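# Observations on chain architecture
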Amino acid sequence: MTKPSLRPETLAEILPIMAEAMATQQPLAIVGANTKSAIGYAVADATLVQLDRWTGVLDYQPEELVLTARAGTPMAEINDLLETNHQMLAFEPPDPRPLFGGDHQGTLGGVLASNASGPRRLTAGAARDFLLGFEAASGRGERFRAGGKVVKNVTGYDLSKLMVGSFGTLALMDEVTLKTLPRPETAISLTFPAADFSAAQNMISAIFATPYEASAAAILPSDMAAKAGLSGDMQVVIRLEGFAVSVADRAEHLLKAFDQGEKRDETESRRLWQDIRDTHLLADEDADIWKISCAPSSGAEVIASLMAEMTAADKSCPYYADWAGGLIWMAAPQYTSAGGNFGDMMREVVAQHGGGFAMRVRTADTNQGLNPHVVPPFQPLDAGRLALHQRIKAAFDPIGILNPGRMHQGI
Amino acid sequence: MQMPEPDASVIARREAILTSLRKIVPAASVVDSEEGRRAYDADGLSAYRQLPLVVVLPETVQQVSDIMRYCHREGIKVVPRGSGTSLSGGALPLADAVLLAMGKFNRILDIDYANRCVVAQPGVTNLAITHAVEDEGFYYAPDPSSQIACSVGGNVAENSGGVHCLKYGLTTNNLLGVEMVTMEGEVVRLGGKHLDAGDYDLLGIMTGSEGLLGVITEVSLRILQKPATRRALLVGFDETATAAQAVGDIIAAGIIPAGMEMMDHLAINAAEDFVHAGYPRDAAALLIIELDGPEVEVDALIGRVDAIVNQAGASSIKISMTEEERMRFWAGRKAAFPAVGRISPDYLCMDGTIPRRALPDMMVRMATLSQKYGLRVANVFHAGDGNLHPLILFDANEPGELQRAEDFGADILRACVEMGGVLTGEHGVGVEKRDLMPIQFSEDDLKQQQRLKCAFDANHLLNPGKVFPQLHRCAELGRLHVHQGKMPFPDLPRF
C-alpha cells in the first residue's frame with residue numbers, strides 16, 4: 001500500500017487535510033522524522049503525514065528556563081542550542097539511532113509523543129514532566145492551546161500530560177514549550193560489583209538513603225557490563241552530577257561507604273550512560289526488545305521469574321536495568337518453552353510483583369503489526385482504563401483519523 | 001459569583017437521599033443538621049459560603065464507590081472535599097450536591113523505603129507524610145503553606161506547589177500513583193510504584209483536575225532523602241528591578257536554589273513588625289535564597305550567590321551561619337500572610353505567574369492599579385518561578401470594598417496573562433478565577449478541556465460550577481460536522 005505522503009508546513013495547512021480525512025474516513029499516519037515507527041502497530045491503510053517541516057526554535061530564554069519550538073524541530077538542533085547555553089532537557093531523551101537505525105536523531109515532537117526519557121528520569125522526571133504547554137490541532141480538525149509558557153501553572157486541565165506519550169493519537173502538536181535546566185558542571189560515575197540483581201538493587205536503595213544525591217542508577221549483568229567496557233561481575237553504575245566540588249565530595253563518601261567501588265571519569269561516564277540511555281547494549285540482538293517498568297525492588301523477582309522460563313526454553317535473554325532497577329530492558333524471543341507468548345508471560349509476572357507495564361519497542365518479526373497472534377506492543381488495558389482511553393480518544397479524535405490503532409485497537 | 005441553578009427536584013428529594021445514603025454509610029456519617037453542615041459551608045476562600053445538601057463521610061473505597069454509583073444513577077451532584085484549605089473555592093459546596101468529605105481516609109498504608117514511596121489515604125495531611133518518614137532521613141518535597149492542615153488528596157486535586165517547587169517540582173512531579181473512583185462508581189488504579197504510564201497519562205490528567213474528574217481514594221507519593229545541609233541568604237535591594245535581575249543572574253549561573261522568595265517593601269515591614277526576623281526595613285525588595293545539598297556544595301554556592309547578588313547591587317546581605325538563623329530568615333516570609341492580616345481587616349491573596357523578566361513591569365502596573373482602586377497591595381513572590389502572591393488589603397465591612405478588591409485582583413491576573421503568564425500558579429481556578437478563564441483561553445481551548453471532562457463525567461455531576469465559566473452539554477460539545485460517511489465504532493459515546 002503506497003499512498004502519497006504529505007508534508008504540510010503549517011498548522012493551517014493541515015486543517016483541510018484533516019477535514020478531508022474526516023469526511024472520507026481516511027486515517028492519517030502521523031510521523032515526525034519517522035525514527036520510532038517500530039513502536040506500536042503500523043497504522044493500516046493510512047496516508048502518511050510527515051511533520052518534519054514544522055521546524056524552528058521560536059523563543060528561548062535560558063534565564064526563564066523555557067524553550068518554545070515547533071514540534072518538528074530536529075533534536076540535534078535543540079541539543080546543540082541548549083548545549084551552547086549550558087542547559088539541557090533534564091529528562092535526557094534517548095538518541096533513537098542505535099536502536100532503530102537511520103541517521104536522524106528524531107524530532108522534539110517525536111520525543112514528546114513517545115514520552116522518551118533516559119536515565120535521569122529516575123530523579124529529574126520524564127518528558128511528561130517538562131512539557132509546559134502547546135498549541136495543536138485535535139482530531140476534530142480544530143486548533144487549541146493548553147498549558148502556558150511559564151514553569152509554574154495550574155490553570156485548567158494539564159493536557160500537556162495527556163499529549164506526552166499519546167503517540168500522535170489525540171492531536172498534532174505544533175508549538176511546544178518545555179522547561180529547561182542548567183547542565184551539570186560535571187558528571188562522573190562510580191561502579192560497584194554485585195553478586196546478583198537483588199544485591200545490586202539493595203545497594204542502590206542504600207545509596208539513595210544517603211544524602212549523596214545520585215542522578216542515575218543502573219544494573220548491568222556481566223555480559224552487558226563487558227559490552228559497556230566494564231570487566232568482571234554484575235555492575236552497579238551510579239552517576240553523580242553537579243558542581244565539581246560537590247561531585248568529588250559525594251564520590252569520596254560513597255567510595256568509603258560501599259566496597260570495591262571504582263571511579264569512572266567524565267569521558268567514560270558519558271559513554272557508559274549513552275549506551276544505557278540509547279539501549280545500545282541490546283541494539284544488535286536479533287530478538288524483540290522490551291521495556292519493562294516495575295517497582296525498583298520488584299526487579300529482581302521479575303527477572304528471576306523470566307530467567308527461569310528462559311532456561312527452561314534453553315534460550316538466552318540478555319537484559320539490563322536502569323532507573324534503580326525499575327526499568328528493565330530485555331531482548332526476548334517471541335515464544336516461551338510452553339509455546340505461549342513471552343510478552344503475555346512477562347506481563348503476568350510484572351502484575352504478580354507489584355504491577356507496572358511491559359512495552360515492546362522493537363520487534364524482530366518482519367510481519368510486525370499484521371500478525372494478529374503477535375502479543376500487543378502496548379500493555380493491554382484493564383476494563384476501567386480502557387473505557388476511559390476510548391472516551392478520551394473520542395473526545396479528541398471522534399472519527400479516528402489520527403494514528404488509529406497505533407497503541408490499542410481503535411486508539 | 002453565579003453558581004449553577006440548584007436542581008429543585010433534587011432538593012425536594014432530600015429526605016429520600018438521606019435515607020439512601022444511610023444505607024451506604026453508618027447513620028452517624030451522614031451529616032444533615034444545619035449546624036453540622038455549617039462546618040463545611042466554605043473552604044479557604046471564605047468569602048463564598050453555601051450550605052451543602054448533605055455531608056457524607058465515607059471511610060471505605062466501597063462506600064465511596066456506592067455513593068458515586070447512587071448519585072450517578074439518581075442524577076445528584078457531588079462535591080469532593082479534603083481538608084477544605086483550597087484558596088480558590090475548589091471545595092465550595094452546592095445547595096443541591098452531596099458534599100463528599102474524605103477526612104476519615106486518614107491512614108498511611110505503606111512506607112516503602114526500598115522504592116522510596118509512601119502509600120496513603122487521601123485525607124492524610126501533607127506534613128504527616130514527612131513526619132512518618134523523617135526518622136529515616138526522608139521527606140516529601142511539595143510543601144504548600146497549608147501543609148500542616150491540607151490533605152494529600154487535595155494536593156493531588158489542586159496540583160499543589162510550595163516554596164521548593166522550582167527545584168523539586170509540584171505534586172504532579174512527585175506523585176507515583178492514585179486509586180480513584182469515577183462518577184459512575186468505577187474504581188480505577190493509575191500508576192503505582194513504577195514510573196510512567198505506558199499509555200495515556202491519566203495520572204497526569206487527574207493531578208490538578210480540581211475534583212472534576214474523579215474522587216481520589218489513595219495516593220502513592222515519592223519521598224526523597226533529606227539534603228545534608230540547608231543554608232540561606234537574606235538579601236535586600238533598593239529597587240525591585242535589581243532584585244529581579246539578581247534572580248535571573250543566579251539561574252543563568254547554573255544554580256537552581258531550593259527556594260528563592262521575594263517580598264516587597266510593605267510585606268517586609270508587615271512581617272518585621274510581626275515576628276522581628278531582622279529584615280531590612282528600608283529595602284524595596286528582599287530575597288530569601290535557600291541552598292540545599294551536601295555541605296561542601298552549599299558552602300561553595302553560598303559564596304557564588306553572595307558574589308552574584310553583590311554584583312547585581314544588593315543593599316544588604318546576611319548569610320545564615322546556623323540553623324536557627326536560617327529559620328529566622330524564613331520566619332518573616334512564613335508569617336507574611338498573618339502579618340498582612342494584622343495591618344488590614346481583610347486581604348485577598350492572588351496567585352498568578354509571569355515570566356520573571358516581566359517582574360519590574362508588573363510592579364509598576366500594580367502600583368498604578370493600587371492607586372486606581374485606592375487599595376494597598378503587599379507582595380510576596382516565589383521569585384524563582386515567577387509565581388506572584390499579591391495580597392490586596394481591604395475591609396469587608398466597608399460597602400463595595402470586597403468588590404473593588406476582587407476587581408483589582410482580576411486586573412492583576414489580566415496583566416499576568418498579558419505579560420505572557422497565567423491566571424494561577426498553584427492555587428487553582430476553582431470558582432475564584434473561573435470567570436477569568438476566557439482571558440487566557442479561547443472558546444475552542446475551553447471546549448476541548450471540557451470534552452476531556454465529558455470523557456470522565458458526561459452529565460457534569462462531579463463538582464460542577466468550578467473551573468469552567470460556561471457549562472456546555474457534552475452532546476453539544478461532541479457535535480461534529482462531517483460531510484459524508486459513517487462514524488466508526490457507532491456504539492462509542494462521542495464528546
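Residues numbered from 1 in each chain as written. Chains lettered and ligands numbered in written order. Predicted model: local features only at pLDDT ≥ 70, side-chain atom pairs only at ≥ 80, totals over all residues. Heavy atoms only, no water.

### Here we look at the overall build of chain B
The line we're drawing: Numbering of helices and strands starts at the N terminus; helices are DSSP runs of H or I of at least 4 residues and strands are runs of E of at least 2. The globule rule used for comparison is 2.2 Å times the number of residues to the exponent 0.38, while the radius of gyration itself is calculated over C-alpha atoms. Each residue gets one of three labels from its accessible area relative to the maximum for its type: buried under 20%, exposed over 50%, partly exposed in between, using a 1.4 Å probe on protein chains only. Contacts are assigned to residue pairs with any non-hydrogen atoms lying within 4.5 Å of each other.
In terms of helices and strands, chain B carries 18 helices and 18 strands. Computed over its C-alpha atoms, the radius of gyration of chain B comes to 24 Å, within 12% of the 23 Å expected for a compact globule of 495 residues. Each principal axis of the C-alpha distribution contributes one length, and for chain B these read about 65 × 60 × 55 Å. Here chain B holds 495 residues, and the buried ones make up 63% of them. Within chain B, contacts between residues at least 6 apart in sequence are counted, and of these 71% link residues at least 24 apart.

### Here we look at the sheet that holds strand 12 (residues 229-237) of chain B
Residue and element names in this part refer to chain B. Where we set the bar: Note on pairing: two strands pair once DSSP finds at least 2 bridges between them. Helix axes are fitted to C-alpha atoms over the stretch in contact, other axes to C-alpha atoms as well, and angles between N-to-C directions run from 0 to 180 degrees.
One open sheet holds the seven strands; their spatial order is 15-12-14-13-17-18-16, and the pairing between them is antiparallel. A strand with exactly one partner marks an edge of an open sheet, and here the two such strands are strand 15 (316-319) and strand 16 (346-349). Strand after strand, the sheet turns through a mean of 15° between neighbouring axes, direction not considered. Summarising the sheet, strand 13 (residues 259-264) and strand 17 (residues 377-382) pair through three bridges and their orientation is antiparallel. By the bridge assignment, glutamate 261 is partnered in strand 17 with histidine 382. This element, helix 13 (residues 336-343), spans strand 13, strand 16, strand 17 and strand 18 (387-394) of the sheet and lies at about 20° to strand 18.

### Comments concerning the interface of chain A and chain B
Basically, it comes down to this: Throughout, the accessible surface (probe 1.4 Å) given up by two parts as they are put together, summed over both, is called the buried area. By salt bridge we mean one thing: a side-chain nitrogen of Lys or Arg within 4 Å of a carboxyl oxygen of Asp or Glu. Throughout this description, a polar contact denotes any pair of N or O atoms lying within 3.5 Å of each other; where both atoms belong to protein, one of them has to be capable of donating a hydrogen while the other can accept it, and for residues adjacent in sequence the pair is counted only when both atoms sit in side chains. Under the grouping applied here, Gly and all other residues not named as nonpolar or charged are polar, the nonpolar ones being Ala, Val, Leu, Ile, Met, Phe, Trp, Tyr, Cys and Pro and the charged ones Asp, Glu, Lys and Arg.
Contacts between the two partners involve 87 residues from chain A and, on the opposite side, 99 residues from chain B. Where chain A abuts chain B, roughly 7,800 Å² becomes buried across the two surfaces, and 57% of that area is made up of carbon and sulfur atoms. Its largest share of buried area at the contact with chain B, chain A owes to Lys152(A), Val154(A) and Tyr157(A), together 13% of the area lost on that side. At the junction of chain A and chain B, the tally comes to ten salt bridges. Between Asp201(B) and Arg128(A) there is a salt bridge, with the nearest N and O atoms lying 2.8 Å from each other. The interface formed by chain A and chain B includes 29 residue pairs in polar contact (both at pLDDT 80 or more). Ranked by the residues each element gives to the side of chain A that touches chain B, the list is headed by helix 13 (residues 383-396) of chain A, at eleven residues. Across the side of chain A that touches chain B, the residue classes break down as 40 nonpolar, 26 polar and 21 charged.

### A word on unusual backbone geometry
Residues and elements named next belong to chain A. We note that aspartate 45 has phi near 50°; this positive angle belongs to a residue other than glycine. Secondary-structure assignment places aspartate 45 in the loop between strand 2 (28-31) and strand 3 (47-50). Positive phi values are uncommon outside glycine, yet asparagine 403 reaches one of about 45°. Within the element layout of this structure, asparagine 403 appears in the segment after helix 13.

### Considering the environment of Asp249(B)
Residue and element names in this part refer to chain B. Structurally, aspartate 249 can be placed in helix 9 (residues 240-252). Assessed through its relative accessible area of 24%, aspartate 249 is described here as partly exposed. Residues aspartate 249 and glutamine 311, spaced 62 residues apart in sequence, show a C-alpha to C-alpha distance of 9.6 Å. Ignoring sequence-local partners within four residues, the contact set of aspartate 249 consists of Ile308 and Ala312.

### Description of the domain arrangement of chain A
Residue and element names in this part refer to chain A. What counts here: Domain ranges listed in this record stem from an automatic or a database domain assignment.
Here chain A is described as being made up of domain 1 (1-183 + 381-411), domain 2 (186-278) and domain 3 (281-380). Taken together, the eleven residues of domain 1 in the interface contact eleven residues of domain 2. In total, about 810 Å² of surface goes out of reach between domain 1 and domain 2, with carbon and sulfur atoms giving 55% of it. For the pair domain 1 and domain 2, the number of links is two salt bridges. With a closest N to O distance of 2.9 Å, arginine 120 and glutamate 241 form a salt bridge. Taken together, the connections running from domain 1 to domain 2 amount to four residue pairs in polar contact (both at pLDDT 80 or more). Secondary structure elements with two or more residues in the side of domain 1 that touches domain 2: helix 3 (97-100) and helix 5 (121-124).

### Let's talk about the packing of helix 2 (residues 14-24) of chain B against helix 4 (residues 61-74) of chain B
All names here are of chain B. As a reminder of what qualifies: Oblique is the label for any angle not under 35 degrees, not over 145, and not in the 65 to 115 range, which are roughly parallel, roughly antiparallel and roughly perpendicular in turn. Should the near helix be turned counterclockwise from the far one by less than a right angle, the crossing is left-handed, whereas a clockwise turn marks it as right-handed.
Following both chains from N to C, one finds helix 2 and helix 4 inclined at 150°, their axes separated by 10 Å at the closest point. On the basis of their axis angle, the class for helix 2 and helix 4 is roughly antiparallel. Seen from above, helix 2 lies across helix 4 with right-handed handedness. Residue-level contacts link Ala16, Ile17, Ser20, Leu21 and Ile24 of helix 2 to Gln63, Asp66, Ile67 and Tyr70 of helix 4. Considering only residue class, the contact of helix 2 with helix 4 consists of six nonpolar, two polar and one charged.

### Points about the side chain of Thr182(B)
For Thr182(B), the location among the structural elements is in the loop between strand 8 (175-181) and strand 9 (187-191). In this structure Thr182(B) touches Met68(B) and Val188(B), once residues within four positions along its chain are discounted.

### A short note on the sheet that holds strand 3 (residues 77-81) of chain B
All names here are of chain B. Taken in spatial order, the four strands make up an open sheet running 1-2-4-3, and their pairing is mixed. Sheet topology places strand 1 (30-31) and strand 3 at the edges, where each strand pairs with a single neighbour. Strands strand 2 (54-56), strand 3 and strand 4 (97-101) of the sheet are contacted by helix 4, whose axis makes an angle of about 170° with strand 4.

### A few points about the environment of Arg7(A)
All names here are of chain A. Looking at the element boundaries, arginine 7 is found in the loop between strand 1 (5-6) and helix 1 (11-24). In this structure arginine 7 comes out as partly exposed when scored by relative accessible area, which is 40%. Linking arginine 7 and glutamine 50, residues 43 residues apart in sequence, is a C-alpha distance of 4.9 Å. Excluding anything up to four places from it in sequence, arginine 7 contacts Gln50, Asp52 and Arg53. A polar side-chain atom of arginine 7 sits 3.2 Å from a polar atom in the side chain of aspartate 52.

### Points about the pairing of strand 11 (residues 186-194) of chain A
Residue and element names in this part refer to chain A. Taken across its nine residues, strand 11 has eight buried, putting it largely inside the fold. Taken together, the three bridges between strand 11 and strand 14 (residues 262-264) define a ladder with antiparallel strand orientation. Bridge pairing in strand 14 links threonine 191 to glutamate 262.

### A closer look at the pattern of salt bridges
Residues and elements named next belong to chain A. Counting across every chain of the model gives 57 salt bridges over all chains. A salt bridge links arginine 143 to glutamate 135; the nearest nitrogen and oxygen atoms lie 3.1 Å apart. For arginine 143, a relative accessible area of 37% gives the class partly exposed. Since its relative accessible area comes to 17%, glutamate 135 is described here as buried. Aspartate 382 serves as the salt-bridge partner of arginine 385, at 3.5 Å between the closest nitrogen and oxygen.

### Quick look at helix 10 (residues 266-277) of chain A
Each α-helix winds once per 3.6 residues, and so residues spaced three or four apart point in a common direction. Residues and elements named next belong to chain A. Note the threshold: For a helix, the expected span equals 1.5 Å multiplied by the number of residues minus one.
In this model, helix 10 (twelve residues) spans 16 Å end to end at C-alpha, consistent with the 16 Å of a helix rising 1.5 Å per residue. For helix 10, every residue scored as buried is listed here: Ser269, Leu272, Trp273, Asp275, Ile276 and Arg277. On the buried face of helix 10, the contacting elements are strand 11, strand 12 (216-220), strand 13 (234-242), strand 14, strand 16 (319-322) and strand 17 (327-332). Looking one or two places after helix 10, you find threonine 279, whose phi comes out positive at around 55°.

### Quick notes on helix 9 of chain B
Its 13 residues place the ends of helix 9 of chain B 18 Å apart at the C-alpha level, agreeing with the 18 Å of an ideal helix rising 1.5 Å per residue. Just past helix 9 of chain B, the residue Gly254(B) takes up positive phi, approximately 85°.

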